[in-house]
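# Report on the structure
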Amino acid sequence: EIVAMYSSGLNLRQLVRPIFGFAVLVAAFAFVLAVFTRPWATRRIDETISEMARTRFTAALRPGVFSSWLEGVVIYVGAVEPDTGQLTWVMLADEREPAGRRTIFATEGRLQTDDQREVAFLQMRDGTILRSLGAADSYDRTDFGAFDLTLEFDPMIDEHTERGAMPPRQLRWRELLETRDRRQAAGASAIEEEIEIQRKLVVPAGTLLLPLVAVPLGVQRSRAVRSRALVVSVCTILVYYLMLTLA
């Protein structure tokens, strides 16, 4: 095809112009997707996952059945009122801390969720807490009139992100820059924001850089050079993929 184009009177500049024009359009489209569409889609996905995590608390509560509520937590309830979250005859075994395993009994309870703080509250009334002290036959007993158990239901929150704040992957471009500048001004680490900024820029930049490699390799006429160009192209793609993956 290159030989035919040269024979028809087209020069290298005329060949490169539509390629780079198309690359600019693809880069602009990729930038819009990375800066606007991806944060919106990520927020919707995280909201759906959080909603599934919230409903898991109530869906797992089946009257008269021992249910694995969370990892290391088993709960039993005698009756559940779906509309109000009211529970009766509650038994909860919490083994999340092997050194301080505890079993909680309560005559009644109530399950509530706080969407802003992304936590669930199990409020229990008139019960007893049996806490293991390590030895096989040693435990501590505590009677209570009211006891609240707080559980986090958002599995997508980042460690460096303050609770209630959006992680970098959900922020729009301006919000991301403002968050980075604010954290740097406060002396806090902004590495996650920097990584997200680079991630948004790498694909648009790559679409502009690839024609710079593809065009010189494509205009070579020698078969031996073409074979060498194929090897260089494959290596370039692998390096680009690794950089994109590890960024």
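What comes next is a walk through the structure. (Residues numbered from 1 in each chain as written. Predicted model: local features only at pLDDT ≥ 70, side-chain atom pairs only at ≥ 80, totals over all residues. Heavy atoms only, no water.)

## So, the packing of aromatic side chains
For the coordinates displayed, the defined rule picks out three aromatic pairs. Centroid distance F66 to Y76: 4.8 Å. Interplanar angle 35°. Geometry classified as tilted. Remark: Y76 occurs in strand β2 (residues 73-81) and F66 occurs in the loop between α2 (12-59) and β1 (67-70); sequence separation between them is 10 residues. Both rings, one in F144 and one in F147, keep their centres 5.6 Å apart while their planes meet at 45°; by these two values the pair is tilted. For the pair F144 and F147, one class covers both residues: buried. (Phe/Tyr/Trp six-rings, centres within 6.5 Å; stacked < 30°, edge-to-face > 60°. Helix = DSSP H or I, 4+ residues; strand = E, 2+ residues; numbered from the N terminus. Buried < 20%, exposed > 50% of the residue type's maximum accessible area, 1.4 Å probe, protein only.)

## What about a nonpolar patch on the surface?
The grouping of L209, L212 and V213 at the surface amounts to a nonpolar patch, some 250 Å² of accessible area in total. Structurally, V213 can be placed in helix α4 (residues 191-218). You can call V213 partly exposed: its relative accessible area is 31%. (Patch = residues over 30% accessible without salt bridge, like charges linked within 9 Å, V, L, I, M, F, W, Y side chains within 5 Å. Areas by Shrake-Rupley, 256 points an atom, 1.4 Å probe, with all protein chains shown as cover. Salt bridge = Lys/Arg side-chain N within 4 Å of Asp/Glu carboxyl O.)

## As for the environment of T84
Mapped onto the fold, T84 is located in the loop between β2 and β3 (86-94). Taking the C-alpha atoms as reference points, T84 and Q112, 28 residues apart in sequence, are found 8.7 Å from one another.

## Overview of the side chain of T179
By secondary structure assignment, the location of T179 is in helix α3 (residues 173-185). Here T179 falls in the buried class, since its relative accessible area comes to 14%. Once residues lying within four places of it in the same chain are set aside, the contact partners of T179 are L171 and E193. (Contact = heavy atoms within 4.5 Å.)

## Some thoughts on the nonpolar core
Residues W69, I75, L92, L122 and M124 are the most contacted members of the largest nonpolar core, which totals 20 residues. Elements supplying a minimum of two residues to this core: β1, β2, β3, β4 (102-114), β5 (119-132) and β6 (139-152). Residues in contact with L122, not counting those within four places in the same chain, are W69, I75, L87, L92, R110, L111, F147, D148 and L149. (Core = buried A, V, L, I, M, F, W, Y, C linked by side-chain atoms within 4.5 Å.)

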